[in-house]
Amino acid sequence: MEENVKSIKRHKAIQMFSREHHYALLLCWRIRQGLKKSVELDRIKQLSDWTFKTYLKPHFEEEEKHFFPLLDEDDKLKKRAIAEHRRLERLFNDTSDIKRALNLIEEELEAHIRFEEKNLFNRIQEVAENEQLRKIEQLHQEIKPTDIWKDNFWD
Ligand SMILES: [Fe+2]
Ligand SMILES: [Fe+2]
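Residues numbered from 1 in each chain as written. Chains lettered and ligands numbered in written order. Predicted model: local features only at pLDDT ≥ 70, side-chain atom pairs only at ≥ 80, totals over all residues. Heavy atoms only, no water.

With that out of the way, let us pick up the coordination of the iron ion (ligand 2). Taken together, His21 (NE2), His59 (NE2), Glu63 (OE) and Glu116 (OE) make up the protein donors of the iron ion (ligand 2), found 2.0 to 2.2 Å from the metal. Around the iron ion (ligand 2) sit 4 donor atoms; with metal-centred angles ranging over 84 to 176°, the donor geometry is irregular. Along the chain, the residues donating to the iron ion (ligand 2) fall in the pattern H-x37-H-x3-E-x52-E. A distance of 3.2 Å spans the gap from the iron ion (ligand 2) to the iron ion (ligand 1), which glutamate 63 bridges by coordinating each metal. Of this pair, histidine 21 sits in helix H2 (residues 12-36) while glutamate 116 sits in helix H5 (residues 98-127); the two residues are 95 residues apart in sequence, bridging distant segments of the chain. For the pair formed by histidine 21 and glutamate 116, the shared burial category is buried. (Donors = N, O, S within 2.8 Å, 3.2 Å for Na, K, Ca; no water. Tetrahedral: all angles 85-135°; square planar, octahedral: opposite > 155°, others 65-115°. Helix = DSSP H or I, 4+ residues; strand = E, 2+ residues; numbered from the N terminus. Buried < 20%, exposed > 50% of the residue type's maximum accessible area, 1.4 Å probe, protein only.)

As C-alpha cells, this is what we get:
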C-alpha cells in the first residue's frame, strides 16, 4: 500500500510546474471578479498583460522546453497542450475586442490548467524516466511571485 501511494506521488519537477498554475488560476478569478464588478476593461487588461508576461509565457516556454519533448511527436495530449498555448497567447495579444478576449482567457486558461493537472502531467509522469525528471528539477527555475499588483480591482 505504502509503495503504491509513493508510486503515484507526483515527482518534484512536476510539483514545481503545478505550483506555478496558481498564478494562472488567480488571474482567471480576478478577471471574473473584474468583469462581474464592471471594472474598466483597461485595468483588467493591464493585469492580464502583466501576468502573461511575468508568469504565464515563461511557464508555457518551460513546459514546452522540458516536458513536451518527453512525449512522442504525435502524442494527442501534447498536441492539444501546444495548440492551447498558441491559442491563449493569441487571446492575450488580442486588442480588437478586449471584453471578448478577457472572457475567453478566463474560460480557456482555466480549462487548460485543469487539463494539464488531470491528464497531461499524469501522462508525463508515466512515460518519463526518473532521471529525466530529476534533471528538469535541477534545470527549471521555479517562477515565484516577484511583485504585488497594486490596482486590486477585484476586492
Ligand atoms: Fe501549459
Ligand atoms: Fe502549465
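Once the structure has been displayed, the description carries forward.
Moving on to the coordination of the iron ion (ligand 1). Protein-derived coordination of the iron ion (ligand 1) comes from Glu63 (OE), His85 (NE2), His112 (NE2) and Glu116 (OE), at a distance range of 2.0 to 2.3 Å. Geometry at the iron ion (ligand 1) is irregular, judged from its 4 donor atoms and the angles of 84 to 179° they form at the metal. Written as a sequence motif, the donor arrangement for the iron ion (ligand 1) is E-x21-H-x26-H-x3-E.

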